[in-house]
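The residues making up each chain are set out below.
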Amino acid sequence: MNDTRPVKSDSAKAVPTLPDAQTVTSVRHWTDRLFSFRVTRPRSLRFRSGEFVMIGLMGDTGKPLLRAYSIASPAWDEELEFYSIKVPDGPLTSRLQHIRPGDQIILRPKPVGTLVLDALLPGKRLWLFATGTGIAPFASLMRDPDTYERYDEVIMMHTCRDLAELDYGRELVEGLPDDPLIGEIVAGKLRYYPTTTREQSPFMGRITDNLRTGKVFADLGLPPMSPETDRGMVCGSLQFNKDIMAILETFGLREGANSEPREYVVEKAFVG
Ligand code: A2P
């Protein structure tokens, strides 16, 4: 016999009402400008660490309001993580910053992007260069065992205005050696070089300036970058990307792509 009892409100709530809906599982506010959140992962979604997807909310006009967001979680994670700026008058982030666990967002399950290991030729050392929320794709790559299988050494360089803005990346990097899944693989291979530009900290200055002066290499005890051994991935503002690309070219590295792997790859940090 058919069950004619009314559907309980709890289960009714869990039924997605948006197209491509995913449910928010946790939200963390790092500063008044930055937050991260995790959502359920569509079963069918396969992606390569470093790629991005379109996510968003339903707009007032009834059309989805979507923006590109790098997936910050690794490919093996059963949930998806994102790291976002809060733009006070930004059409999406002014609303997205108020999401809570249980809310739904729209997620188009079509991952793309150039910050993937396959777009680089094999090498010895992988440099990850980010400003601000540009660390998001690297939060994925730093948690992917494949990164450490391909490189002897991974160097995460992150520049933010102040110390609080480094916290998301710092907590992630500092927690990795104790991670039960990949701790052993990461140990001794991941080096972290955070700098601030507007607050006093142990390491100061823009990544670009510290590369040009050679301070980075002196601090890390490494030789200058070379196309034989070093590979780079870049994610920040347009100007930051341009400036880093010019520096990498002076070391003899060339920009690669999925279709033509070379020595470095670039993507703009999207929102903000
Ligand atoms: P600065 O404080 O000197 O502008 P934002 O919060 O504006 O997105 O910037 C994030 C970090 O990136 C800041 O520390 C900022 O330094 C730095 N930055 C901005 N533009 C560049 C650039 N072209 N090259 C290197 N670092 C940059």
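Bear in mind that the values here come from a model prediction, so they are computed numbers and not experimental data.

With that settled, consider the site of the ligand. Around the ligand, the neighbouring residues are Arg33, Thr131, Thr159, Cys160, Arg161, Thr197, Arg198, Arg206, Thr208, Gln239, Phe240 and Asp243. Between the ligand and the protein, one listed contact pairs an oxygen atom with a side-chain N or O atom of Arg33 at 3.1 Å. Between the ligand and the protein, one listed contact pairs an oxygen atom with a backbone N or O atom of Cys160 at 3.2 Å. Considering the ligand on its own, with 560 Å² of exposed area, one finds that the protein chains cover 80% of that surface. Sorting the residues of the shell around the ligand by element identifies β8 (153–160) and α9 (238–250) as the ones contributing at least two each. Per-element accounting of the shell around the ligand gives the leading share, 3 residues, to α9. Its residues placed into classes, the shell around the ligand shows 2 nonpolar, 5 polar and 5 charged.

This next bit is on the domain arrangement of the chain. Per the domain assignment, the segments making up the chain are domain 1 (10–112) and domain 2 (117–268). A straight line from the C-alpha centre of domain 1 to that of domain 2 covers 25 Å. The largest per-residue losses of area from domain 1 upon contact with domain 2 belong to Trp30, Trp76 and Tyr83, which jointly make up 32% of the total buried on that side. The interface formed by domain 1 and domain 2 contains 4 salt bridges. Here Arg28 and Glu171 are joined by a salt bridge, their closest N and O atoms 2.7 Å apart. Scanning the region where domain 1 abuts domain 2 turns up 12 residue pairs in polar contact (both at pLDDT 80 or more).

With that settled, consider the confidence of the model for the chain. Of the residues in the chain, 93% have a pLDDT of 70 or more, and the chain-wide mean is 93. Contacts for the low-pLDDT stretch residues 1–12, under 50 throughout, to residues beyond four places or in other chains number 1 contact.

Attention now goes to the pattern of salt bridges. Counted by the stated rule, this structure contains 18 salt bridges. Across the pair Glu165 and Arg33 runs a salt bridge, and its minimum N-O distance is 2.8 Å. A residue pair is termed long-range when its members are at least 10 positions apart, and Glu165 in the loop between β8 and α5 (167–175) and Arg33 in the loop between β1 (21–29) and β2 (34–40) qualify at 132 residues. Taking relative accessible area as the criterion, Arg33 reaches 28% and is therefore assigned partly exposed. We note a salt bridge from Lys215 to Asp219, for which the minimum N-O separation is 2.7 Å. On the criterion of helical spacing, the pair formed by Lys215 and Asp219 is a turn pair, its members being 4 residues apart in helix α8 (residues 215–220).

Strand order in the open sheet formed by 6 strands is β4-β3-β6-β1-β2-β5, and the pairing between neighbours is antiparallel. Two strands close off the open sheet at either side, each with one partner strand: β4 (64–70) and β5 (79–85). For this sheet the average axis-to-axis angle between neighbouring strands, irrespective of direction, equals 40°. Two strands pair when backbone bridges link them, and strand β3 (residues 52–58) and strand β6 (residues 104–112) are joined in this way by 4 bridges, in the antiparallel orientation. When the sheet's bridge partners are listed, Met54 is paired in β6 with Arg108.

Parameters and conventions
Residues numbered from 1 in each chain as written. Predicted model: local features only at pLDDT ≥ 70, side-chain atom pairs only at ≥ 80, totals over all residues. Heavy atoms only, no water. Near = heavy atom within 4 Å. Polar contact = N/O pair within 3.5 Å; in protein donor to acceptor, adjacent residues only side chain to side chain. Areas by Shrake-Rupley, 256 points an atom, 1.4 Å probe, with all protein chains shown as cover. Helix = DSSP H or I, 4+ residues; strand = E, 2+ residues; numbered from the N terminus. Nonpolar A, V, L, I, M, F, W, Y, C, P; charged D, E, K, R; others polar. Domains from an automatic or database assignment. Buried area = accessible area lost by both parts, 1.4 Å probe. Salt bridge = Lys/Arg side-chain N within 4 Å of Asp/Glu carboxyl O. pLDDT = per-residue confidence, 0-100. Contact = heavy atoms within 4.5 Å. Buried < 20%, exposed > 50% of the residue type's maximum accessible area, 1.4 Å probe, protein only. Pairing = 2+ DSSP bridges. Axes fitted to C-alpha atoms, helices over the stretch in contact; angles between N-to-C directions.

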